Amino acid sequence: MAGLGVIFLWTILSSMILTNIAQPIDASNRLSMDLMKNYNKRIRGVRDMKELTILHFHFNLVRIAEYDEVNGKLSIVGFFGMFWHDFRMEWNSSQYNGTGTILFEEKEVWRPFIVLGSPQEEFKRLGDDDNFFVRYSPAGYAEWYPGDIWATACTPDVYMYPYDTQSCEVLFVVWGYAVSEIAARALSDKVNLHVYTAHGMWDLTDTSVAADSDPVRQLTTITIVLEMKRISTFHLINMILPIVLVGLLNNLVFLLPAQSGERVGYSITVLLAIAVFQTIASDNLPTVSKPRISLLCIKLLIDLVLSALVMTLTIVTLYFYHMPETRRIPSCVVVVTKCVLCKNCCKPNKQKSKSEKYSESVVGNGIVIKESVLEEDNQQSNVTWTDVGKSSDIVFAVFSLLTFLASNIVFILVVARN
């Protein structure tokens, strides 16, 4: 009998425990059914349709998935936190066993119709693809956290490439509702970065979040601005430094012996190398001229022109080297050659040697008179066409080096200023 009493007591206690455990589940079921009675998800949760639904929100950025400068496409991963009030979702928690919160699928309840207003490909509704939950409190306040991968249009400004900073706007529009029906309020003017993962190519330098209402177009907009600075170490090592070194090699062509026959081939090789770098830079940049064309493309074009000029000057110097020695050298060229080669600098001034010659002339009565004639030796310094070629090598080498330094110094100053 004692054993039967223990079993009976255990049965009573077990039923009481199970009843207490199942009670909240039953209360939630009743609450869900009561709240969904006569609920129309197409109507805003206001007692008077003239009332304004205030949508509070914040934005959380998870990561920058991709930024394609060529196509002007920015892909980001993030989610919103949105909060509003719906009087139809109010309840007395004491009547439902103290139930303090309840979840509904977003397709079952009213939520703001928000679309991406700056799409790269198509308009996309916020939370349309995935079925996120909406959580309600007894006071009727809703919490909704829709997230997605958004591909938005962002026209790049590549003037300072690869040291550029891009500012991209991600625009969301509250669709189908007038400004007198829904107003958006940002809980923070900055993007929440608590769950943000840094990108390997872009540094996120600044963010901003703003909501605006346009009475003219009757649109409520949410604007998220991301400012990103490119991490340029990769481009510095693989593009900028090789371009500078190739430009420096361009000046060394005048050090090659003219008799080697390699000057023209060397110049053409350097010219083609610069053209290859220009092609690589063009492939990594958008084919647009607005707002500004890339400064790197301008520098490469200048380097290409200078390389073509160096090749032309190389041909000119070779022309001097192969000029027949019988051809007279212009006096101005002689002066310049002497000056460049310092032919008169290393020797003491020598007076022109004079030679005395006699000439005989016959005058009347057969008298022969001898006259002395002084002649100056025309000692035009021994300047040959080879000397002209050597002097032109020096002049053109200095000229090409100065233009190379000038172009690179200007490029560095412009980059440093910006």
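Note: the structure precedes this text.
A brief report on the enclosed structure follows. (Residues numbered from 1 in each chain as written. Predicted model: local features only at pLDDT ≥ 70, side-chain atom pairs only at ≥ 80, totals over all residues. Heavy atoms only, no water.)

What about the environment of lysine 124?
Among the secondary structure elements, lysine 124 is positioned in the loop between β4 (114-116) and β5 (133-136). It is 8.5 Å that separates the C-alpha atoms of lysine 124 and tryptophan 150, two residues lying 26 residues apart in sequence. There is a polar contact of 3.0 Å between the side chain of lysine 124 and the side chain of aspartate 148. (Helix = DSSP H or I, 4+ residues; strand = E, 2+ residues; numbered from the N terminus. Polar contact = N/O pair within 3.5 Å; in protein donor to acceptor, adjacent residues only side chain to side chain.)

Comments concerning the pairing of strand β2 (residues 73-90)
Note: strand β1 (residues 53-68) against β2, 11 bridges, orientation antiparallel. Within the sheet, the bridge partner assigned to phenylalanine 59 lies in β2 and is phenylalanine 80. From the end of β1 to the start of β2, which pair antiparallel, there are 4 residues, and glycine 72 there has a positive phi angle of about 65°. Bridge analysis of β2 against strand β7 (residues 147-153) gives 7 bridges, and the strand direction is antiparallel. (Pairing = 2+ DSSP bridges.)

Remarks on unusual backbone geometry
In this model, tyrosine 161 is joined to proline 162 through a cis peptide bond whose omega is 0°. Along the chain, proline 162 turns up in the loop between β7 and β8 (165-174). A positive phi angle is found at asparagine 97, which is not glycine, with a value near 55°. Relative to the assigned elements, asparagine 97 resides in the loop between β2 and β3 (102-105). One non-glycine residue, glutamine 218, lies in positive phi territory at about 55°.

Examining the nonpolar core
Formed by 47 residues in total, the largest nonpolar core has its most connected members in Leu74, Phe80, Met82, Trp84, Tyr136, Phe172 and Ile224. Not counting chain neighbours up to four residues away, the residues in contact with tryptophan 84 comprise Thr53, Ile54, Leu55, Trp110, Arg111, Pro112, Val134, Tyr136, Gly140, Tyr141, Ala142 and Trp144. Core analysis: the second largest hydrophobic core is formed by 19 residues, Tyr161, Met239, Leu296 and Cys297 among them. (Core = buried A, V, L, I, M, F, W, Y, C linked by side-chain atoms within 4.5 Å. Buried < 20%, exposed > 50% of the residue type's maximum accessible area, 1.4 Å probe, protein only. Contact = heavy atoms within 4.5 Å.)

So, a nonpolar patch on the surface
Residues Leu245, Leu248, Ile394, Val398, Leu401, Leu402, Leu405, Ile409 and Leu413 make up a contiguous nonpolar surface patch of about 800 Å² in total accessible area. Mapped by element, the contributors of at least two residues to the nonpolar patch are α2 (233-249) and α6 (385-417). With 7 residues, α6 is the single largest residue contributor to the nonpolar patch. Among the secondary structure elements, isoleucine 409 is positioned in helix α6. Judged by its relative accessible area of 48%, isoleucine 409 is partly exposed. (Patch = residues over 30% accessible without salt bridge, like charges linked within 9 Å, V, L, I, M, F, W, Y side chains within 5 Å. Areas by Shrake-Rupley, 256 points an atom, 1.4 Å probe, with all protein chains shown as cover. Salt bridge = Lys/Arg side-chain N within 4 Å of Asp/Glu carboxyl O.)

Remarks on the packing of aromatic side chains
The tally for this structure, following the rule as stated, stands at 16 aromatic pairs. Relative to tryptophan 175, the ring of phenylalanine 123 has its centre 5.9 Å away and its plane inclined at 55°; by these criteria the two rings are tilted. Taken together, the residues span a long stretch of sequence, with phenylalanine 123 in the loop between β4 and β5 and tryptophan 175 in the loop between β8 and β9 (182-186) at a distance of 52 residues. Judged by relative accessible area, phenylalanine 123 falls into the exposed class, the value being 56%. Overall, the relative accessible area of 44% leaves tryptophan 175 in the partly exposed class. Members of the aromatic cluster, connected to one another through ring pairs, are Phe57, Phe59, Phe80, Trp150 and Phe172. (Phe/Tyr/Trp six-rings, centres within 6.5 Å; stacked < 30°, edge-to-face > 60°.)

So, the pattern of salt bridges
Two side chains with opposite charge may pair up if their charged atoms get near one another. Under the criterion given, the structure shown has 15 salt bridges. Aspartate 148 serves as the salt-bridge partner of lysine 124, at 3.0 Å between the closest nitrogen and oxygen. You can see lysine 124 sitting in the loop between β4 and β5 and its partner aspartate 148 sitting in strand β7, a full 24 residues away along the chain. On the basis of relative accessible area, lysine 124 is assigned to the partly exposed category, the value being 23%. Residue class for aspartate 148 comes out buried when judged on its relative accessible area of 16%. A salt bridge links arginine 292 to aspartate 157; its shortest N-O distance comes to 3.2 Å. Taken together, the positions of arginine 292 in the loop between α3 (263-283) and α4 (295-321) and aspartate 157 in the loop between β7 and β8 put the pair 135 residues apart, joining distant regions of the chain. By relative accessible area, which is 38% here, arginine 292 ends up partly exposed. One connected set of salt bridges, linked through shared partners, spans Glu69, Asp164 and Arg230.

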